[in-house]
There are 2 protein chains.
Amino acid sequence: MPSYTAPVKDVTFLLNDVLDFQRHGNLPGFGDATPDLIEAILGEGARFCEEVLAPINVSGDREGCTRHDDGSVTTPSGFKEAYRTYTENGWIALSMPEEFGGQGLPTTLNTIIQEFMSAANLAWGMYPGLSQGAAAALLEHASQEQKELYLPKLASGDWSGTMNLTEPHCGTDLGLIKTKAVPQADGSYKITGQKIFISAGEHDLTSNIVHLVLARIEGAPEGTKGISLFVAPKFLPDANGEPGERNAVSCGSLEEKMGIHGNATCVMNYDGATGWLVGEENRGLAAMFVMMNEARLAVGVQGLGQSEVAYQNAAAYARERLQGRALSGPQNPGGKADPIIVHPDVRRTLMSIRAFNEAARGLVLWTALQSDIAHRSDDEAARQAADDHMGLMTPVIKGVLTDVGFDNAVAAQQMLGGHGYIEEWGMSQFVRDARIAMIYEGANGIQALDLVGRKLPKNGGRAVMAFFNEVGSFLKDNKDEATLAPLLGPLKAGLDDLQTATMWFMNNAMAKPDNAGAGSTDYMHLFGTVALGYMWARMAKAAAAALASGEASDAAFLETKLTLAKHFMERHMPETALRLARVSAGAETIMGLDAEAF
Amino acid sequence: MPSYTAPVKDVTFLLNDVLDFQRHGNLPGFGDATPDLIEAILGEGARFCEEVLAPINVSGDREGCTRHDDGSVTTPSGFKEAYRTYTENGWIALSMPEEFGGQGLPTTLNTIIQEFMSAANLAWGMYPGLSQGAAAALLEHASQEQKELYLPKLASGDWSGTMNLTEPHCGTDLGLIKTKAVPQADGSYKITGQKIFISAGEHDLTSNIVHLVLARIEGAPEGTKGISLFVAPKFLPDANGEPGERNAVSCGSLEEKMGIHGNATCVMNYDGATGWLVGEENRGLAAMFVMMNEARLAVGVQGLGQSEVAYQNAAAYARERLQGRALSGPQNPGGKADPIIVHPDVRRTLMSIRAFNEAARGLVLWTALQSDIAHRSDDEAARQAADDHMGLMTPVIKGVLTDVGFDNAVAAQQMLGGHGYIEEWGMSQFVRDARIAMIYEGANGIQALDLVGRKLPKNGGRAVMAFFNEVGSFLKDNKDEATLAPLLGPLKAGLDDLQTATMWFMNNAMAKPDNAGAGSTDYMHLFGTVALGYMWARMAKAAAAALASGEASDAAFLETKLTLAKHFMERHMPETALRLARVSAGAETIMGLDAEAF
C-alpha cells in the first residue's frame, strides 16, 4: 500500500527563504496569515491528506463510482466521510472572500493544500477543486443576487460545482457547441443538449450540484461569439435558497476511464433544464475562461502532486529493496544484497524526479503569490505585472507540470520493476491518474498554442520581456556568488536558447503561423526548463545564504538543495538546446506530407 | 473500437529495397523463402492478425483471465479459438527446425509476424511467444531425448512454454533465488519454491504447459553460480510422450495488473514438483539467457507493435475529427471545422511516432537477419560478425523500442483528447499494455547496464567498432549523393556524439564504474537514436534509388519515406547532443546524496 507525507518542510523553505512570503503582509488577508497560522494550516492540511485522503486512494480506484438506475451516483467508500471532515474544517473556503463565507486567506495557501490533496487522492480532490473553480467564475461574472445565492453554499461545501463545456463532437473547439438555451418569460432559460466528460457531474457528497453550462441562446451568432454561460443547479433553489424542485438535468452514464476512478465522469443530459444566464449574453466563453484558468493552474498542481507521491514511494522502495551489489563493491556487506538506491541509474531517476518536483513547487507557489498580488494589491503596476506573470505561466505550469509529472510517475513506477506493474503496490494508479492531467482543461498541445499564439505576443510581448529581465537581472546580480557559479552558466545558456527561440518565432511565425504551431510544444517545454532552472537558482541562493548564516538548524536539508540544483543544471538544463533546434526546424517538413499519407 | 492494418508494404520495402533479403538465398531455409512465399506468408499473417487477433483485443482486456478454485485458469473469450487457428496454420513453428516439426524458414519472417501479433493483440501474442522462447532454450541446451520429447509438442502448439525466474524477493538479482531442487534416485529432481510474475503460467489454450524453472540444487554454491535450469511440465509425459500424471506445480493466484489482462500472470507454487535438469548443473543462468535474449528482441518488437497500432488509430482519428481551423486559414471551408490533421502540432506528433516506427522496424529486421546469419551461415567470420551485432543490438532494441514505444502510445492517446482517456476508444489499452514491455525480460535500466557494462567492452569493443565502421563507411560511400546530403550531416553529428560518449566511458568508467552506471540509460538512447538514424539513411537511399529508377509503382510511398527521414534528422537526431551532455556529467553529483536524503 503506498503512503504519502506532505512536503511541509519544503513548502516552508519556499515560503520563508525563497519567496519571502511575509514581505507581502500588507495585502488583504495576508496580515492574518501569520507564521503560526501558516504552520497550523500546513500541519492540519498535511494530516488530513496523509491520514484521511491517502488511505482511501487505492480503495477508491478499485471500487470506482456507481451509477444507479435512477441516475444517482455513489462515490467510493469513505469519500463522503472524508468530504464531511474536509468541509467541517472549512478547507474549501480557505481563500474565498469573507463576504461570502470564506476565510479570505491567501490563494497561495490554498494552492499548497491543493498539491497535498492532489498527491494523496487525485480523484477525491477533484470534487472540491471544481467547486472552487465554479466559485471563482461566479465571483467574477455572476450578479450580486447569484453570488449571494450560490457562493455561501459553495464556500460551506454544502453544494458542489461543475463545468459543462464538452459535447460529443467538440471539446477544444467550443464554437461548435450545440446545446441550446431558450429564453423563458420569467427571465430563466430552458437548456437542452448533451454534455460529456463532466467531472463530478453527479455524486452523493453534497445536497446540491451547481452546474455551470455553456450553451447557445436561440438565434445567437455562430461560433464562439454565440456562446453564453448559465447556472443550472441539480435542485432549483427554493424561496429560502435551499434545494427545491429537481431540475431536468441528469447523469445518463458514467465513463469507463483509465484512471481517476473515484471521480464520477458523467454524460450529462439537459432536457429543458432550467438555467439562468451568468454575465452577458454571448460572452460565456470569456466567463468560463476565468474558471478554466483557475482550473489550469490546479491541474498543473495535480501533475506535481502525482509526481511527488510517486517519487516518495519509489524512493522508499529503493532504500529498502535488496537486489544486486553496487558497481563499486558491496555497500551492505552483512546482507545478501545492497539496497538498489546504491545504483547510479536508480539515483539518477529519483533525483531527476525530485529536482523537478521541488522546482515545480517553487514555480507554482511563486505564481500563486502573483495571483494573490494580481487580485489583492492596491498598486496598479504591481497588479499588472503579477497578472502578466500569471497569464504567461498558466499554460507553462499546466503543460509542463502535467507532461513531466506523468513521465515522472512512469519513471517512479519503473523503479519497482514488476511490482510497479501490478496494482498491489499502487504505482500503476499514480500513472493512470496522472495521465488525465495532460488532457483535461485544455490538452497540452492547446496550452502550447496558448503560450505561443496568445501569451507571447500579448501587449507587445510585455510579459515575456519581464520574465527575461527578471532572470537576466538575477544572473547579473549574482555573478560574483561563488556558490552559484556552477549553476548560473547553465541557466544563462538556457535563457539564451529561450530568447533565441522567441526571436525565431518573431522572425518566422508572423507570416507563417504554421512555424509557431510546429514549434509550440517544444517551446513550452523550453520555457518550462528555464523557469524551473531559475527556481533552482533562487532556491540554491536561499540555501547557500542559510548555510552561510551559520544558523541553519538542518544543514543536510540545505546541502541536498544545492546538490539537486547542480543535478538539474547538469542533466536537465541542456535540454534547452534540443528544444531550440526543434523550434528552429520550422514547419516545412511537417506540412510537407499529404493528410492521406499519414 | 480500434483497428489494425499490418504494415505489409513497409515490410516488403525493407526486405527488398533496404536489406536485400534475397541476397541471402544460400542460407539454409532462405532458398525456400521465395518472394512468392514471403508474399503469401505476410498476407496470411496480416489477415490472421487483423481479422482474428485484433477483434478480441479490447474484449480480452475487459474480460481478463479467470482463476478457478481448482487452480485452473480460463483465458478471455475467443482466445482459445484464435490459438487453434494459429497452430493449425503452423505459425508457431515457422522458423523452428524441420527436424522437430518446424518449417525451418528464416527467423526474420517469424519476427515480422511477431510484430503483427504484438500490435494486434499483445496479451494473446505472449502465449505463443513464450513457447518459441522455451523452444529456443531447449534447442540449445537440452539433451537429444528432451528435445525429441518437448520440441515437436511446442512446434505443433499442443503444448506451451513458460520461463520461471522471478521470486518475491528477487527479480533482477537471480543469485538470490531460493527455489530448491532435490535430486531423486531416478535422475529427476523435486522442485520446491514460489515463482511470481509467471506469464502464461496457467491457461486453457493447450493440453500441457512446459515450465522452464531456475532453481538451486541442494548444496549448490551461493549466488548465480549455483543456479540450475529445469524442465517441469504441468502434466508429466507418459511413456508415449503424452500428458500423464499431474505434476505438483500449480497457479496460486493471478496478479491484478495495469494491462495485458488477457495474459495470465501467475504466482506458481512448486510443491515438490518433478523436474529434469536441462544442460549442466549450476549453469542454468547461461541456459536461461538464450531464452532471455530471444525474449528481449521479441519484447522490443512488442514496443514497436504497440507504437504502430497506437499510431494508426491516432492518425485515423486525426484525419476524421473536425475541430478548429488551420492556422493558415480553413482547409475544409465547406465544413464547420477542419480535420485536426491540419495542425502542425498534431502532424509533428504523428510524424515523430511514424518516423520512429519505420526506423525501428528496419533495425529489428536488420537484426533478425543477422540472427539468421549467426545461426545458419557456414562462413565463420560472417557468423561472428552477425553474432556481435545481435549481442550489441539486443539491449538497444529491448530498451529503446519499449521506452519510446510506450511514449509513442501515450502521444497517440493524447491525439484523441478526452476520448483517449476513456476505455471506449482503446487507446488507453495500448498505453497500459505497452507499459509492461519496459519492465519484463530485464527492466530497461538493466538493458542499459548490459549494453554499457558487458556489450561495449566485450572482445575489446569489437562489436561497437564494427557498428561505427559500418555507419562511417555509409557516410563516406554516400557523401556525394545529393538526395542524401540533408540527412548525412545530422547522422554524422550523431555518430560523432556516440563515439565521444563511448570514448568518455573508456576514459572515465574503468576506474570509476559509477560513471558508467550514471550515463548508461542516456547512452542506450544515444545509441538507439544513431542506429535509427542510420536506418533512415539506408531507407532514404533505397527510396531515392527506386524513385530515380523511374520504375517505382508508388512514388508517393517513396516520397513519404524521404520526408520522414528528414523529419527524423531535424527533430530526433539532435537528441544525441543532450544524451552526450548527460553521459559526460558523470556520477559525482548523483552519488553525492546520502541514501537517507532521498
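Residues numbered from 1 in each chain as written. Chains lettered and ligands numbered in written order. Predicted model: local features only at pLDDT ≥ 70, side-chain atom pairs only at ≥ 80, totals over all residues. Heavy atoms only, no water.

A count of helices and strands for chain A gives 19 helices and 11 strands. At 24 Å, chain A has a C-alpha radius of gyration in line with the 25 Å of a compact globule built from 598 residues. With respect to the principal axes defined by its C-alpha atoms, chain A has extents near 80 × 60 × 60 Å. Counting all 598 residues of chain A, 64% fall into the buried class. The long-range share in chain A, meaning contacts at least 24 apart out of those at least 6 apart in sequence, stands at 73%. When the accessible surface of chain A is split by element, carbon and sulfur atoms take 50% of a total near 20,900 Å². Charged side chains of chain A number 48 positive and 72 negative; the gap between the two group centres comes to 5 Å. (Helix = DSSP H or I, 4+ residues; strand = E, 2+ residues; numbered from the N terminus. Rg over C-alpha atoms; globule rule 2.2 N^0.38 Å. Buried < 20%, exposed > 50% of the residue type's maximum accessible area, 1.4 Å probe, protein only. Contact = heavy atoms within 4.5 Å. Areas by Shrake-Rupley, 256 points an atom, 1.4 Å probe, with all protein chains shown as cover. Lys, Arg positive; Asp, Glu negative; His and termini not counted. Charge placed at Lys NZ, Arg CZ, Asp CG, Glu CD.)

So, on to the side chain of Thr349(A). In this structure, Thr349(A) sits in helix α9 (residues 344–376). Those residues within four positions of Thr349(A) in sequence are excluded, and the remaining contacts are Ala411(A) and Met415(A).

Turning our attention to the relation of the copies chain B and chain A. The transform that puts chain B on chain A rotates by 180 degrees and translates by 0.0 Å along the axis, for an RMSD of 0.0 Å. The two molecules are tied by a two-fold rotation axis, judged by turn and shift. Residue Leu578(B), judged by its C-alpha, is the member of chain B lying nearest the rotation axis, at 3.4 Å. A shared interface surface links the copies, since 100% of the contact residues of chain B are contact residues in chain A too. (Least-squares fit on C-alpha atoms with pLDDT ≥ 70 in both.)

Turning next to the packing of helix α13 (residues 444–455) of chain A against helix α16 (residues 514–548) of chain A. The geometry of a pair of packed helices is captured by two quantities: the angle between their axes and the separation between those axes. Residues and elements named next belong to chain A. In contact at an axis separation of 8 Å, α13 and α16 are set at 90 degrees when each is read in the N-to-C sense. Taken together, the axes of α13 and α16 are roughly perpendicular relative to one another. Residues Asn444, Gly445, Gln447, Ala448, Leu449, Leu451 and Val452 of α13 touch α16, and the partners they reach there are Ala516, Gly517, Ser520, Thr521, Tyr523, Met524 and Phe527. (Axes fitted to C-alpha atoms, helices over the stretch in contact; angles between N-to-C directions. Parallel < 35°, antiparallel > 145°, perpendicular 65-115°, else oblique.)

A word on the pairing of strand β6 (residues 208–217) of chain B. Residues and elements named next belong to chain B. Counting buried positions along β6 gives 10 out of 10 residues, so the element sits mostly inside the fold. Direction of pairing for strand β4 (residues 180–183) relative to β6: parallel, over a ladder of two bridges. Residue pairing across strands places Lys180 opposite Arg216, the latter belonging to β6. Sheet topology places β6 next to strand β7 (residues 228–233); six bridges connect them, and they run antiparallel. Paired with Ala215 across the two strands is Ser228, which belongs to β7. (Pairing = 2+ DSSP bridges.)

Below, the discussion takes up the interface of chain B and chain A. Contacts between the two partners involve 89 residues from chain B, matched on the other side by 89 residues from chain A. Across the chain B to chain A interface the summed buried area is about 7,700 Å²; carbon plus sulfur atoms make up 59%. The tally of links from chain B across to chain A stands at six salt bridges. The shortest N-O distance in the salt bridge between Arg571(B) and Asp522(A) comes to 3.8 Å. Taken together, chain B and chain A are joined by 52 residue pairs in polar contact (both at pLDDT 80 or more). Considering only residue class, the side of chain B that touches chain A consists of 39 nonpolar, 25 polar and 25 charged. (Buried area = accessible area lost by both parts, 1.4 Å probe. Salt bridge = Lys/Arg side-chain N within 4 Å of Asp/Glu carboxyl O. Polar contact = N/O pair within 3.5 Å; in protein donor to acceptor, adjacent residues only side chain to side chain. Nonpolar A, V, L, I, M, F, W, Y, C, P; charged D, E, K, R; others polar.)

Our next topic: the state of the cysteines. Residue and element names in this part refer to chain A. Applying the stated criterion to the full structure yields zero disulfides over all chains. With no disulfide of its own, Cys266 lies closest to Cys251 among cysteine sulfurs, the gap being 3.8 Å. When its relative accessible area of 0% is taken as the criterion, Cys266 is described as buried. (Disulfide = S-S within 2.5 Å.)

A word on the environment of Pro395(A). The topology assignment puts Pro395(A) in helix α10 (residues 380–414). Taking C-alpha positions, Pro395(A) is 18 Å from Thr576(A), a pair spaced 181 residues apart along the chain.

Tallying each qualifying case throughout the model produces 36 aromatic pairs over all chains. Geometrically, the ring pair formed by Phe467(B) and Phe527(B) is stacked, given 5.0 Å between the ring centres and 25 degrees between the ring planes. Separated by 60 residues along the polypeptide, Phe467(B) in helix α14 (residues 458–477) and Phe527(B) in helix α16 (residues 514–548) bring together distant segments of the chain. Comparing Phe467(B) with Phe527(B) shows no difference in burial state: the two are buried. Pairwise contacts between aromatic rings join Trp366(A), Phe467(A), Phe468(A), Phe474(A), Trp504(A), Phe505(A), Tyr523(A), Phe527(A) and Tyr534(A) into one cluster. In this arrangement the basic side chain of Arg538(A) is found over the ring face of Trp366(A), its NZ or CZ atom lying 5.1 Å from the centre. Over the ring of Phe557(B) we find Lys561(B); its NZ or CZ atom is 4.0 Å from the centre of that ring. (Phe/Tyr/Trp six-rings, centres within 6.5 Å; stacked < 30°, edge-to-face > 60°. Lys NZ or Arg CZ within 6 Å of the ring centre and 35° of its normal.)

Bringing helix α12 (residues 427–437) of chain B into the picture now. Burial within α12(B) is extensive, with 11 of its 11 residues counted as buried. Considered for burial, the residues of α12(B) that qualify are Met427(B), Ser428(B), Gln429(B), Phe430(B), Val431(B), Arg432(B), Asp433(B), Ala434(B), Arg435(B), Ile436(B) and Ala437(B).

Residues and elements named next belong to chain B. Along the polypeptide, Asp497 turns up in helix α15 (residues 485–508). Within the buried set, Asp497 has no salt-bridge partner at all; the shortest N-O distance to an opposite charge, 9.6 Å, is to Lys492. Asp497 has contacts with Leu526, Thr576, Ala577 and Leu580, leaving out every residue within four places of it along the chain.

For the rest of this paragraph, the subject is a nonpolar patch on the surface. All names here are of chain A. Together, Met503, Met506 and Met510 line one region of the surface with nonpolar side chains, adding up to about 350 Å² of accessible area. Among the secondary structure elements, Met510 is positioned in the loop between α15 (485–508) and α16. Here Met510 falls in the exposed class, since its relative accessible area comes to 65%. (Patch = residues over 30% accessible without salt bridge, like charges linked within 9 Å, V, L, I, M, F, W, Y side chains within 5 Å.)

Okay, the nonpolar core next. Soluble globular proteins: nonpolar side chains tend toward being buried together. Phe467(A), Tyr523(A), Phe467(B) and Tyr523(B) are the most contacted members of the largest nonpolar core, which has 406 residues in total. When neighbours within four sequence positions are excluded, Tyr523(B) is seen to be in contact with Leu451(B), Val452(B), Leu456(B), Val464(B), Leu498(B), Ala501(B), Thr502(B), Phe505(B) and Val583(B). (Core = buried A, V, L, I, M, F, W, Y, C linked by side-chain atoms within 4.5 Å.)

Quick look at the confidence of the model for chain A now. Per-residue confidence for chain A gives a mean pLDDT of 96; residues scoring 70 or more make up 100%. Our summary of model confidence lists the complex with pTM equal to 0.98 and ipTM equal to 0.97. (pLDDT = per-residue confidence, 0-100.)

Time to look at the pairing of strand β9 (residues 243–246) of chain B. All names here are of chain B. Both strand β8 (residues 235–237) and β9 contribute to a ladder of two bridges, which runs antiparallel. When the bridges of β9 are listed, Pro237 appears paired with Pro243. In sequence, β8 turns back onto β9 through a hairpin of five residues, with Gly241 there showing a positive phi of about 75 degrees.

Turning our eyes to something else, we now look at the environment of Trp159(A). Residue and element names in this part refer to chain A. Inspection of the secondary structure puts Trp159 in strand β3 (residues 159–164). With relative accessibility at 0%, the residue Trp159 sits in the buried group. With 48 residues separating them along the chain, Trp159 and Ser207 place their C-alpha atoms 5.9 Å apart.

What follows concerns unusual backbone geometry. All names here are of chain B. Residues other than glycine seldom take positive phi values, yet Ile260 does so here, at roughly 35 degrees. Position of Ile260 among the secondary structure elements: in the loop between β10 (249–254) and β11 (265–278). Taking the relative accessible area as the measure of exposure, Ile260 reaches 2% and is therefore buried. For Glu441, which is not a glycine, the phi torsion comes out positive at approximately 60 degrees. The topology assignment puts Glu441 in the loop between α12 and α13 (444–455). Given a relative accessible area of 16%, Glu441 falls into the buried group.

This part covers the packing of helix α5 (residues 107–120) of chain A against helix α6 (residues 122–141) of chain A. Residue and element names in this part refer to chain A. Their axes nearest at 7 Å, the elements α5 and α6 cross at an angle of 150 degrees. It follows from the interaxial angle that α5 and α6 lie roughly antiparallel. For the pair α5 and α6, the sense of crossing is left-handed. Counted together, Asn110, Gln114, Met117, Ser118 and Ala120 of α5 and Leu122, Trp124, Pro128 and Gln132 of α6 form the full contact between these two elements. (Left-handed = near helix turned anticlockwise from the far one by under 90°.)

Summed over all chains, the structure comprises 58 salt bridges over all chains. Across the pair Lys153(A) and Glu242(A) runs a salt bridge whose closest N-O atoms are separated by 2.8 Å. Taken together, the residues Lys153(A) in helix α7 (residues 144–156) and Glu242(A) in the loop between β8 (235–237) and β9 (243–246) connect sequence positions 89 residues apart. Its relative accessible area of 34% is what places Glu242(A) among the partly exposed residues. Here Arg454(B) makes a salt bridge to Asp450(B), at a shortest N to O gap of 2.9 Å. Residue Arg454(B) and its partner Asp450(B) are both found in helix α13; the two are separated by four residues, about one turn of the helix. Given the relative accessible area of 4%, Asp450(B) is considered buried. Connected via shared salt-bridge partners are Asp522(A), Arg579(A), Arg582(A), Arg571(B) and Glu575(B).

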